[in-house]
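# Remarks on the overall topology
Okay, here's what each chain looks like letter by letter:
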Amino acid sequence: AQSVAQPEDQVNVAEGNPLTVKCTYSVSGNPYLFWYVQYPNRGLQFLLKYITGDNLVKGSYGFEAEFNKSQTSFHLKKPSALVSDSALYFCAVRRFSGGYNKLIFGAGTRLAVHP
Amino acid sequence: SQTIHQWPATLVQPVGSPLSLECTVEGTSNPNLYWYRQAAGRGLQLLFYSVGIGQISSEVPQNLSASRPQDRQFILSSKKLLLSDSGFYLCAGWSTEAFFGQGTRLTVV
């Protein structure tokens, strides 16, 4: 069964430093992977996705993610963190079954960027 | 672009009272629609999904039900709320990826 794991409950980083939020996946076949961000009391916003092609995927707000098949990882990265990046980040994998798409989410990682 | 409208934003209901949360979609037709619940600001649990009018599938047994009376309308209901129904409820649709409404925070007291 498709699943994703986010091994860190929280990531702390200083403003201006690079950030990485980790995600590993377990899927049968080719994975469709996604990153979403959630600000307090808000819905999820789409950041980026990997379907096929280049292993480095660029997304919104300067975020990017690297698909690594050998390590079954899809880590979210940003070269220089902003305080406004502080939020809850979710990795997800698509499961296609019975003619419809379903997203399976990780538990989420809280990113705290300190001034 | 696709948009999900979800209301109300917050709701406080007594135990045993009924519930109706509504979600409408704009910018797409015949979308797959989903209800998720998020507890304690962390992981999302898929509650229901719908591939069309009148077609509802439940992911987990619970005190809630869902209906889809129109193509772009998805409703989450309960006849009698429990304390454990408290949480943040999110409606979502699917295009090339999932898109979400702004959520309803339900507190059952």
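My aim in this report is to walk through the structure given alongside it, one point at a time. (Residues numbered from 1 in each chain as written. Chains lettered and ligands numbered in written order. Predicted model: local features only at pLDDT ≥ 70, side-chain atom pairs only at ≥ 80, totals over all residues. Heavy atoms only, no water.)

## Quick look at the overall build of chain A
The helix and strand tally for chain A stands at zero helices and twelve strands. Each helix and strand of chain A, placed in order from N terminus to C terminus, yields the pattern β-β-β-β-β-β-β-β-β-β-β-β. A compact globule built from 115 residues should have a C-alpha radius of gyration of about 13 Å, and chain A, at 14 Å, falls within 12% of that. The C-alpha extent of chain A, read off along each of the three principal axes, is 45 × 30 × 25 Å. Looking at chain A as a whole, 44% of its 115 residues qualify as buried. For chain A, the share of sequence-separated contacts (at least 6 apart) that also reach a separation of at least 24 residues comes to 55%. Carbon and sulfur atoms make up 48% of the accessible area of chain A, which amounts to about 5400 Å² in all. For chain A, the distance from the average site of its 11 positive side-chain charges to the average site of its 7 negative ones is 11 Å. (Helix = DSSP H or I, 4+ residues; strand = E, 2+ residues; numbered from the N terminus. Rg over C-alpha atoms; globule rule 2.2 N^0.38 Å. Buried < 20%, exposed > 50% of the residue type's maximum accessible area, 1.4 Å probe, protein only. Contact = heavy atoms within 4.5 Å. Areas by Shrake-Rupley, 256 points an atom, 1.4 Å probe, with all protein chains shown as cover. Lys, Arg positive; Asp, Glu negative; His and termini not counted. Charge placed at Lys NZ, Arg CZ, Asp CG, Glu CD.)

## Details of the state of the cysteines
What the rule picks out here adds up to two disulfides over all chains. Bridging Cys-23 of chain A to Cys-91 of chain A, the disulfide has an S-S length of 1.9 Å. Between Cys-23 of chain A and Cys-91 of chain A the disulfide shows an S-S torsion of about -60 degrees. By sign, it is left-handed. Placement of the pair is Cys-23 of chain A in the loop between strand S3 (19-21) and strand S4 (24-26) and Cys-91 of chain A in strand S10 (residues 87-97), with a sequence separation of 68 residues. This pair shows no difference in class: Cys-23 of chain A is buried, exactly as Cys-91 of chain A is. For Cys-23 of chain B, the disulfide goes to Cys-91 of chain B, at an S-S distance of 1.9 Å. Here Cys-23 of chain B and Cys-91 of chain B share a disulfide; its torsion about the S-S bond, -60 degrees, makes the bridge left-handed. On the criterion of sequence distance, the pair formed by Cys-23 of chain B in strand S3 (residues 19-26) and Cys-91 of chain B in strand S9 (residues 87-94) is long-range, its members being 68 residues apart. Among the residues examined, Cys-91 of chain B registers a relative accessible area of 0% and is labelled buried. (Disulfide = S-S within 2.5 Å.)

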